[in-house]
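Observations on the model geometry
Spelled out, the chains give:
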Amino acid sequence: MRSSPLVIRTDAENERLIAELEQLDERHDELSPEEREYSELLTVLIETFEEHHYALEGSTPGSRLRSLMEEHGLRQRDLMDIFGSRGLASEVVRGKRAVSKVQAKKLATLFHVTADLFL
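An account of the accompanying structure is given in this report. This one's a predicted model, so the numbers in the text were calculated from it and none came from an experiment.

1. As for the layout of surface pockets
Approximately 280 Å³ is the volume attributed to the second largest pocket. Looking at the second largest pocket, it is lined by 14 residues, and the ones nearest its centre are Leu21, Asp25, Ser39, Glu40 and Thr43. Of all elements in the fold, only helix H1 (11-26), helix H2 (33-53) and helix H6 (101-111) reach the threshold of two or more residues within the lining of the second largest pocket. Here the residues of the lining of the second largest pocket are counted per class, giving five nonpolar, five polar and four charged.

Structure representation (structure tokens):
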């Protein structure tokens, strides 16, 4: 495990720590208590950096979701596990239906962002 800065200052640092967090996420069930704490710390650091540097003011939950999907190369069908059906995913992505708290938490986990972006 690498040592993490107390504050993320650059996009490069953010990307490096996202990659590190993704590696930890892949071993989620096998993490030691210390690695779980480190994973939580990385999540907080990344969320704080991205909230300050990638503000999405004036956007809607649907537009934020579309933007994140595009950034990650995902399609509506890739969100079926979160929404349960293609039709519901379509309605949410188009902004015709609100995201539930449970769905927002799942989306936050998927995209490594705060659930508030989708509520």
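Moving on, there is more to tell.
2. Looking at the pattern of salt bridges
If the charged atoms of two oppositely charged side chains come close together, the side chains can form a pair. Scanning the entire structure with this criterion turns up three salt bridges. A salt bridge links Glu20 to Arg16; its shortest N-O distance comes to 3.5 Å. Here the residue Glu20 and the residue Arg16 both occupy positions in helix H1, the gap between them amounting to four residues, near one helical turn. Judged by its relative accessible area of 8%, Glu20 falls in the buried class. Between Arg27 and Glu35 there is a salt bridge, with the nearest N and O atoms lying 2.7 Å from each other.

3. Digging into helix H5 (residues 86-93)
Listing the buried residues of H5 in full gives Leu88, Ala89, Ser90, Val92 and Val93. A positive phi of about 80° marks Gly95, the residue just after H5.

Conventions adopted
- Residues numbered from 1 in each chain as written.
- Predicted model: local features only at pLDDT ≥ 70, side-chain atom pairs only at ≥ 80, totals over all residues.
- Heavy atoms only, no water.
- 1 Å grid on protein atoms, 1.4 Å probe; cavity = no way out; pocket = protein on both sides within 12 Å on 5 of 7 lines; lining within 4 Å.
- Points joined across faces, edges and corners; volume = space filled by probe spheres on them.
- Helix = DSSP H or I, 4+ residues; strand = E, 2+ residues; numbered from the N terminus.
- Nonpolar A, V, L, I, M, F, W, Y, C, P; charged D, E, K, R; others polar.
- Salt bridge = Lys/Arg side-chain N within 4 Å of Asp/Glu carboxyl O.
- Buried < 20%, exposed > 50% of the residue type's maximum accessible area, 1.4 Å probe, protein only.

On their own, these measurements won't tell you what the molecule is for.
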